[in-house]
Amino acid sequence: MEKIHLYDKILSPLVTEKSTNLSEQNKIVFKVPTNANKKSLKSNIEKIFKVNVTKINIINKQNRTKFTRGRKVKVSGFKKAIITLKKGQSIDLTTGI
């Protein structure tokens with residue numbers, strides 16, 4: 001039951017071209033809930049993946065509107081965390097969370 005609570009702070013990994021380039025610098029990008037904070041993220045990631053986290057940067061992407069086919073469409077925002085791991089450690093995202 002405790003494993004479920006650990007996974008509450010990680011929604012999904014963000015796999016983009018930019019996040020793939022960051023993986024060369026021992027950085028992993030995750031989509032996290034809006035109420036997540038650095039302290040709880042660090043402890044949860046260290047327990048789940050058994051790695052040492054050295055730094056966490058959190059970015060809030062705001063809601064925005066864009067035009068699609070001549071109409072305004074609302075794009076919802078989200079919160080993402082860039083996790084920096086200790087040198088030589090990595091997380092394999094292909095195994096799934």
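Everything quoted here is computed from the prediction, not taken from an experiment.

Definitions and limits used
- Residues numbered from 1 in each chain as written.
- Predicted model: local features only at pLDDT ≥ 70, side-chain atom pairs only at ≥ 80, totals over all residues.
- Heavy atoms only, no water.
- Pairing = 2+ DSSP bridges.
- Helix = DSSP H or I, 4+ residues; strand = E, 2+ residues; numbered from the N terminus.
- Buried < 20%, exposed > 50% of the residue type's maximum accessible area, 1.4 Å probe, protein only.
- Contact = heavy atoms within 4.5 Å.
- Expected span 1.5 Å × (residues − 1).
- Arc of directions from axis to C-beta.

*Asks:* What is the right way to read the sheet that holds strand β1 (residues 12-13) from this model?
*Replies:* As a general point, the strands of a sheet are linked pairwise by backbone hydrogen bonds and lie either parallel or antiparallel. One open sheet holds the four strands; their spatial order is β1-β2-β6-β3, and the pairing between them is antiparallel. On the outer flanks of this sheet lie β1 and β3 (53-61), each paired with one strand and no other. With eight bridges connecting them, β3 and strand β6 (residues 78-85) associate as antiparallel partners. Counterpart to I59 in the pairing with β6 is K80.

*Asks:* What exactly am I supposed to notice about the pairing of strand β5 (residues 71-75) here?
*Replies:* Along any regular strand the residues' side chains alternate between the sheet's two faces. With zero of five residues buried, β5 lies mostly on the surface of the structure. Relative to β5, strand β4 (residues 64-68) is paired through five bridges, and the arrangement is antiparallel. Residue pairing across strands places R64 opposite V75, the latter belonging to β5. The hairpin turn running from β4 into β5, its antiparallel successor, is two residues long, and R69 in that turn takes a positive phi close to 55 degrees.

*Asks:* Would you explain the side chain of T84 in this entry?
*Replies:* Mapped onto the fold, T84 is located in strand β6. Setting aside residues up to four positions removed in sequence, T84 forms contacts with N26, K27, N52, V53, T54 and K55.

*Asks:* Whenever I open this one, helix α3 (residues 38-49) confuses me. Can you help?
*Replies:* Its twelve residues give α3 an end-to-end C-alpha distance of 16 Å, which sits within 8% of 16 Å, the value for a rise of 1.5 Å per residue. Where α3 is concerned, the buried positions are S40, L41, N44, I45 and I48. One side of α3 carries all its buried residues, which in axial view fall inside an arc of 120 degrees. In the segment just after α3, K50 is the residue with positive phi, at about 55 degrees.

*Asks:* In this structure, what is going on with the pairing of β6? I would like to understand it.
*Replies:* For β6, the tally of buried residues reaches six of eight residues, placing the bulk of the element in the interior. Relative to β6, strand β2 (residues 27-32) runs antiparallel, the two being bridged by six bridges. By the bridge assignment, V29 is partnered in β6 with I82.

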